[in-house]
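# Fold and geometry: a report
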Amino acid sequence: MPTSGRHPDETVAGGATETQDLQLYFVRHGESVANAVDRAGESRPEDWDRLSERGWQQARALGRRLEGLGLELIVASNMRRAQETAQGIAEVLDLPIQTDPDLHEIRQSDAFYASSPAFGETATLHWMPTADPDFAQPGAESFNQIVGRVKRVQGRLAHEAEERRILAVSHYGFLHFFLGYTMFGEDFAPAHVLPIYQSGHANTGITIFERRTRRVMDGIDLPGWILTTWNDQAHL
């Protein structure tokens, strides 16, 4: 499955004509200690950002799943769970790892982290959908700040993917914002956050976005970013 370079037009189901420009592979990090204790309703320990033993197993299994795709570079969030996931994949695929801080998870409010394990109504999903796009609770990011990160990541990775085949290791929230911006473009708004989050995403699930220079459907050219695979977890 090619991930970079230009391709000739091809006709696909429904009579659409598409020209694939590039692909970006995204994965969510493996299970973290925070994921495990949150599900158990327990308080987060000081080392909550590291991978659990299950998370390390998932990362290595993901590496084996990705063999043969010709990936050349892993770009990971600066958060420990993403870095360790990248390391687990790299153990299998023998790939270099770069860090992009803009891939980090959505910053929750100070009140959210202080309330573990009973987060109540402190989470982004509670206050953001009806808030002004520039508003943020203390310690958190606003909707527009997160979308700004998505745009920067999209631009940087697309540029890099013109030369090398990229795998990006990121997080649940960031992946959903990337999806929202891909689907709605500049019309993406706080009101879309709850419906977008309902799509879910498993630890080490695989998601693929493509940029099309030409995508004619029913006589209308719809170029740009599209989603082709969401939360593929056949390796789990």
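Residues numbered from 1 in each chain as written. Predicted model: local features only at pLDDT ≥ 70, side-chain atom pairs only at ≥ 80, totals over all residues. Heavy atoms only, no water.

The helix and strand inventory of the protein stands at eight helices and eight strands. Radius of gyration (C-alpha) of the protein: 18 Å, near the 18 Å computed for a compact globule of 236 residues. With the principal axes as the frame, the protein shows a C-alpha extent of 55 × 45 × 25 Å. Considering only intrachain contacts with a sequence separation of at least 6, the fraction spanning at least 24 residues in the protein is 67%. Split by element, the accessible area of the protein, about 10,800 Å² in all, is 49% carbon and sulfur. Side-chain charges of the protein comprise 22 positive and 33 negative groups, with the mean position of each set lying 2 Å from the other. (Helix = DSSP H or I, 4+ residues; strand = E, 2+ residues; numbered from the N terminus. Rg over C-alpha atoms; globule rule 2.2 N^0.38 Å. Contact = heavy atoms within 4.5 Å. Areas by Shrake-Rupley, 256 points an atom, 1.4 Å probe, with all protein chains shown as cover. Lys, Arg positive; Asp, Glu negative; His and termini not counted. Charge placed at Lys NZ, Arg CZ, Asp CG, Glu CD.)

The subject of this paragraph is the environment of Asp47. Summarising the element assignment, Asp47 is placed in the loop between helix H1 (33–40) and helix H2 (53–65). Taking the C-alpha atoms as reference, Asp47 lies 37 Å from Gly185; in sequence the two are 138 residues apart. Polar contacts involving the side chain of Asp47 include one to the side chain of Arg50, which spans 2.7 Å. (Polar contact = N/O pair within 3.5 Å; in protein donor to acceptor, adjacent residues only side chain to side chain.)

Glancing now at the environment of Glu186. Note on placement: Glu186 falls in the loop between helix H7 (172–184) and helix H8 (193–197). You can call Glu186 exposed: its relative accessible area is 59%. The sequence separation of Glu186 and Val147 amounts to 39 residues, and the corresponding C-alpha distance is 9.6 Å. For Glu186, the contacting residues outside a window of four places in its chain are Lys151 and Tyr181. A polar side-chain atom of Glu186 sits 2.7 Å from a polar atom in the side chain of Tyr181. (Buried < 20%, exposed > 50% of the residue type's maximum accessible area, 1.4 Å probe, protein only.)

With that out of the way, let us pick up the nonpolar core. A general tendency of soluble globular proteins is for nonpolar side chains to be buried together. Judged by nonpolar contacts, the single largest core of 33 residues is most densely connected at Leu24, Phe26, Leu157 and Phe177. Put simply, the parts of the chain that give this core at least two residues each are strand S2 (17–28), strand S3 (73–76), helix H6 (143–161), strand S5 (166–170), H7 and H8. Broken down by element, this core gets its largest block of residues, eight residues, from H6. With residues up to four places along the chain from it excluded, the contact list for Phe26 reads Leu103, Val153, Leu157, Ala168, Phe174, Leu175, Phe178, Gly205, Ile206, Thr207 and Phe209. Counting residues in each nonpolar core, the second largest holds 18 residues, with Val27, Leu69, Val169 and Ile208 among its members. (Core = buried A, V, L, I, M, F, W, Y, C linked by side-chain atoms within 4.5 Å.)

Glancing now at the packing of H6 against H7. Between H6 and H7, whose axes approach to 10 Å, the crossing angle comes to 80 degrees. Between H6 and H7, the interaxial angle falls into the category roughly perpendicular. Where H6 abuts H7, its residues Phe143, Ile146, Val147, Arg149, Val150, Lys151, Val153 and Gln154 lie against Phe174, Phe177, Phe178, Tyr181 and Thr182. Here the residues of the contact of H6 with H7 sort into nine nonpolar, two polar and two charged. (Axes fitted to C-alpha atoms, helices over the stretch in contact; angles between N-to-C directions. Parallel < 35°, antiparallel > 145°, perpendicular 65-115°, else oblique. Nonpolar A, V, L, I, M, F, W, Y, C, P; charged D, E, K, R; others polar.)

The subject of this paragraph is unusual backbone geometry. Cis geometry is adopted by the peptide bond preceding Pro117, which originates at Ser116 and carries an omega value of 5 degrees. Locating Pro117 in the fold gives a position in the loop between helix H4 (110–114) and helix H5 (124–127). Phi is positive for Thr204, close to 65 degrees, though the residue is something other than glycine. Among the structural elements, Thr204 can be located in the loop between H8 and strand S6 (206–217). The class of Thr204 is buried, set by a relative accessible area of 0%. Positive phi outside glycine occurs at Asn231, with the angle close to 60 degrees. Along the chain, Asn231 falls in strand S8 (residues 224–232).

It is worth spelling out the pattern of salt bridges at this point. Two side chains bearing opposite charge may form a pair once their charged atoms approach each other closely. Within the structure shown, the criterion is met by 18 salt bridges. Here Asp49 ties to Arg81 by a salt bridge, and the two come within 2.2 Å at their closest N and O atoms. Residue Asp49 is found in the loop between H1 and H2, and its partner Arg81 is found in helix H3 (residues 80–93); the two are separated by 32 residues along the sequence. Each of the two residues, Asp49 as well as Arg81, counts as buried. Put simply, Asp232 and Arg65 hold a salt bridge, and the shortest N to O gap is 2.7 Å. One end of the pair, Asp232, is in strand S8; the other, Arg65, is in helix H2, and 167 residues separate them in sequence. Classification of Asp232 as partly exposed rests on a relative accessible area of 24%. A network of salt bridges, in which partner residues are shared, links Asp100, Asp102, Arg152 and Arg156. (Salt bridge = Lys/Arg side-chain N within 4 Å of Asp/Glu carboxyl O.)

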